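Structural description and commentary
Okay, here's what each chain looks like letter by letter:
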Amino acid sequence: MTEERERRLQQKYAGLSSRAPAKKEFSIGGGRAGAMAAQGKPKDTKQTVKKLVWYLSREWALIIVALVCLLATTVGNLAATYMLRPIINEGISQYIGNVDEGMRVLTLRVIGLLTLYVCVRTMHFIHKRVMLTASQRSLNRLRRDLYEKLQKLPVRYFDTHSTGDLMSRFTNDVDTIGDMVNTTLVAMISGVITLVGTVILMIVTNFWLAMITIAFTPLLTFVSKTILKKSRPLFSKRQRALGALNGFSEEVISGQKVVKIFGREDATEEEFEYLNQQLCKAQISAQTRSILMGPINHNICNFAYAITACVGGIMVVTNGFDIGGLTVSLDYTRKFNQPINEISTQINVVFSALAGAERIFEVMDADEEVETARLSNVKELRGHVTLEHVHFGYVPDVPVLHDITLTAKPGQKIAFVGSTGAGKTTVTNLLSRFYEIEQGQIFIDGIPIEQIPRPVLRSHVAMVLQDIHLFTGTVRENIRYGRLDATDEEVEAAAKAVSAHDFIIHLEKGYDTLLEHDGANLSQGQRQLLNIARAAVSHAPILVLDEATSSVDTRTERNIEIGMDALMENRTTFVIAHRLSTVRKADRIMVLERGHIIESGNHQELLALGGRYSDLYHEIAKLD
Amino acid sequence: MKARYLSYVKRHWKFFLFGPMFVILSAILEITLPNMTANIINNGIANGDISYIVRQSVLMMAIAVLTMASSVMGAICSVNAAARFSADLRRDIFARVQKYSFSNLDHLTTGSLITRITNDVNQIQQFVQNLTRMMLRAPTMLIGAMFMAFTLNLNLAFVLCVMIPLLALTLFLLVRNSLPRYTKMQEQLDCLNTQIGESIENERVIKSFVREEFEKEKFFGVNDRLYQKSIHALKVMLWVDPVCTISINIATLAAVWIAGRQIMIGNMELGTLTAFITYLSQILTSLKVMAIVFVRWSRAGASAARVREIFEEPLDMTDESVACPERRVEAGSIEFRDVSFRYFKNRSEAVLDHISFRVEAGQTVGIIGSTGSGKSTLISMIPRLYDVDSGEVLVDGVNVRDYSFDHLRRGIAVVLQKNMLFSGTVRENLYWGDEDATEEDFDEASRISQSAEFLSFFKDGYESELGQGGINLSGGQKQRLCIARALLRKPKILILDDSTSALDTATDAKFRKALRESAKDITCLIIAQRISSVIDADRILVMDNGRLVGNGTHAELMETCRVYREIYMTQKEGDTAND
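Residues numbered from 1 in each chain as written. Chains lettered and ligands numbered in written order. Predicted model: local features only at pLDDT ≥ 70, side-chain atom pairs only at ≥ 80, totals over all residues. Heavy atoms only, no water.

Residue and element names in this part refer to chain B. Taken as a whole, chain B shows an average pLDDT of 84; of its residues, 98% reach a score of 70 or greater. Mean pLDDT across the secondary structure elements of chain B bottoms out at helix α21 (residues 562-576), with 75, and peaks at strand β1 (residues 334-341), with 92. Across the assembled chains, the prediction reports ipTM 0.81 with pTM 0.80. (pLDDT = per-residue confidence, 0-100. Helix = DSSP H or I, 4+ residues; strand = E, 2+ residues; numbered from the N terminus.)

And the structure:
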């Protein structure tokens, strides 16, 4: 990699390496999606933990069952250990020489213990099985809630966040929580139970020796705390790096064909490798810190063990403390080690989960589309649209629309023309309340649109968007998307009206042909036809066609126009097009220039006016 | 695949070698501690030798420090080994995807590829990390303990001979059973990823048709299926731990029972039994550890198989053994000789049907035809985005299959119909055309493509940030930047696939004028919907249903080509209908 490229990449993903990233100014309207994933804000751990616990607690019934089983398992294990020793020590040696009697007793005892073992293992299994269901259910619910939230987020959110990074939150981040629920909870709880049990036994056996071990606890706590503090942000960084890598991969693989024609394979590989190395480094530094905890804590306990041996030995020699007691105490000191070890190794998992949860709740806490509508009784709209002095900008201080005023009556066709970037698409964004207007008002049937509940508003506006998007599913399903209760006949009628029928029946399975990858097996024009058919099948009284036929040849476009005329009767139609042939029949044509309406009227009026429209028109005429 | 994984291990051999060594060292050190307490009790206390006790204790602390150091080193090595291993794997997967041809890409979903790069690799990584930590320690402990058990008493060890094979068989069956289940689970994860990706990309459509509930239902279905598949897969492995433990429990009891009789008869010492049981518990511990590795292994196995698919997807196009790897596109002439092509080889209907034509270097040729007539397919043959079924495509008189991809595509710039910008600044996007472009090149390209004007309104000019896919630009602005990016390649052949469809006619005209003036020696192929866009081309090709039905100038075609005349009439009609 050249230094120059390295520098550029560092600049682009600056948020990945710095802990407090500088907030970028959005220069045009959106944010920087790729690098967006790389940034993060300091978050409130307590809140995250609280929310996480609340989430898991919704499976409380299952978790309680699992915990009871776990408790039974732990106690059963301890009991079994204590039962085995007497059988061996006394049970057998008592009967040396008295084989028949001894074997009868021994067999009974072995069978008894076997029963206990089987019971304990059964409990153990039940506990695991129940826990699996509980954890998978929590994950299922988490993904579900996350998706529900996703559907409530405003368009602006999607415009400023990378798809791949969002996807990473659904999979990688949710997974980290799954790992935690599956293993950590169990290890923590059984660890704590064993720990408490051992400490009690230690104190009972020899108070002073127990105190030696206990005296080391502050050190243990201190070490753990220090490591925790250091490694916690590193885990957040790791999840961010993972999100950034996901975001980059998603974007590049979606645009892989463009990568190919520009021969950019090597450059994208380089960039991927850069992010890959960032992730690798983040993984190593996060895990290295947290993995230290196990060995360090473990060997602090070994220290305690050595000192106990020393002091205990001296006590035996000087104080007459019995050797048996010392052996038992030492045994417990070693046992003390195990749960601490187990708990320490879980830190990894807990931190991953916290970092994952943070990113998940970040989405959950994002601002939703605000529902301002107070008129929930609005059910039917006829499509009388009025815009009054509408001002709008995607970013404050960068106005896109100025003082737009217009009226469209049901059955009318309103066209927007103007050079690209003049704000035509923005008008449609406002009409469906993808974005909220800043100043002025939009009325439908005399009702301000912010008073109409969004679902009602949008179900009355059928849109054909400039960017074509199809869904995985059959052609029929894709058209029916416009109105879910449309019959097969209605779907086909719509397809016929927009001249899509002919090509559809030539597809492998006609209307039942499966479309994949956004309709990759169709031509752009064909995809556009399906897009229009989708809007045509809906009964919405307002129709918005944003460059709906730009990739369709003119002959087909003519046919669509004829077919659509029937559909557009009684509907208010907004047409955005630069082909003047598409708009000339409109009742009113709005000429937009840099966010202002500079001319409006019908075709004849505008030609007579001799302004911008007539210039445009004559320019084309000249070219023809 | 094995060779690939081995090469990663080799590359990071230090971590893979020293990791397990440190782990073993710490295990050995750890084992000496109980021995030393035995020394304290047997020698120190028995002799009342306090200084011996203190010396031994200090030694124990020193050993604890050593243990700490070596287990820390071992842990660090295993983290490094796993992280570096998987970084290599991710890099290679991504590099492989970069080698995919268009038709490879047509049948792998983005969602699935991404799951493989992140989630599947992660499964493998966790396995590798477990492996490097346990690889030597657990089997060593297992074999050691078994060896000790056998030398202790053959009769008792017989218990192990029965139990170990049974246990191995059970584990084997469990792993075999769970592997296909894990595969299904990961596949379902693909579906989830695809559904999420799709609903994020299509969210404007979803919102505008108020289909949030509908999409939710779809997602809930996928999500619930993932839940079922996960339980289905994960529940198999729940058996591992209880089965291992209960086997050892039973073995212990069996040993107690068998040994009990021997001891009562007087054939065996009680100490032998106690020692045997200690070894059994050691065997149990190492078996459990190994079982965890097994569980990870079967899960990683399913993931590894999915990763393997990426490497095994046959690259249907390579440029490794081309005839003229050194040759570059010099002039820019194009010739099609009887070219036929189908996307789906089992379909009879050809997308391109015996097409032949020739374009001289420097000519501008328009391509016209109805929706779905094969225009885009036609031009994608030239930079060899797809390979022809029959016939041949020649650039500068050389078959495109004989060029290296790099040289061929360097000479040909295509502005795809479904084009894309990437997140980053305008400048970063333009660099795609030419890494070494100067400021003058930038200005020139944006002037010709008519981007200069709108860029001048951006506060930051070339440094303006674009959202993902250029979301914050209007359709026409996006198209113009895509054209600028293509122009920066300084190609010999420029192909515009309906690339100005979102431009207003005036801007479109200005662009074509600027292009004509400054790119005289570039061969241009322009697909357009409107005849007016190509009327002044040197020649116009007319496509209809996969066949070339017209080839000539506007005037010639008006004479000879029925389809062309029809297209012309509808457009003329459209323009004059209301006059």
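Resuming the write-up.
Turning our attention to empty space enclosed by the protein. Counted under the stated rule, the structure contains ten cavities of 30 Å³ or more. Its boundaries defined by the atoms lining it, the largest cavity holds a volume of some 260 Å³. Contributing elements (two or more residues each) for the lining of the largest cavity: α1 (3-12), α10 (217-254) and α12 (265-319) of chain A together with α14 (426-430) of chain B. The element best represented in the lining of the largest cavity is α1 of chain A, accounting for four residues. The residue inventory of the lining of the largest cavity, partitioned by class, reads seven nonpolar, four polar and eight charged. (1 Å grid on protein atoms, 1.4 Å probe; cavity = no way out; pocket = protein on both sides within 12 Å on 5 of 7 lines; lining within 4 Å. Points joined across faces, edges and corners; volume = space filled by probe spheres on them. Nonpolar A, V, L, I, M, F, W, Y, C, P; charged D, E, K, R; others polar.)

Turning to the pattern of salt bridges, a few remarks are in order. Inspection of the entire model under this criterion finds 48 salt bridges over all chains. Overlapping salt bridges bring together Asp165, Arg169, Asp173, Arg359 and Glu362 of chain A as one network. (Salt bridge = Lys/Arg side-chain N within 4 Å of Asp/Glu carboxyl O.)

Attention now moves to unusual backbone geometry. Positive phi values are uncommon outside glycine, yet aspartate 403 of chain A reaches one of about 45°. Within the element layout of this structure, aspartate 403 of chain A appears in strand β2 (residues 401-408). Here the phi dihedral of aspartate 498 of chain B falls at roughly 50°; this positive angle occurs in a residue that is not glycine. For aspartate 498 of chain B, the location among the structural elements is in the loop between β9 (493-497) and α18 (505-518).

Per the counting criterion, the structure on display carries 28 aromatic pairs over all chains. The rings of Tyr147 and Phe170 of chain A together with Phe219 and Phe220 of chain B are connected pair by pair, giving a single aromatic cluster. One cation-aromatic arrangement involves arginine 4 of chain B over phenylalanine 311 of chain B; the distance from NZ or CZ to the ring centre is 3.7 Å. A cation over an aromatic ring shows up here: arginine 409 of chain B above the ring of phenylalanine 405 of chain B, its NZ or CZ 4.3 Å from the ring centre. (Phe/Tyr/Trp six-rings, centres within 6.5 Å; stacked < 30°, edge-to-face > 60°. Lys NZ or Arg CZ within 6 Å of the ring centre and 35° of its normal.)

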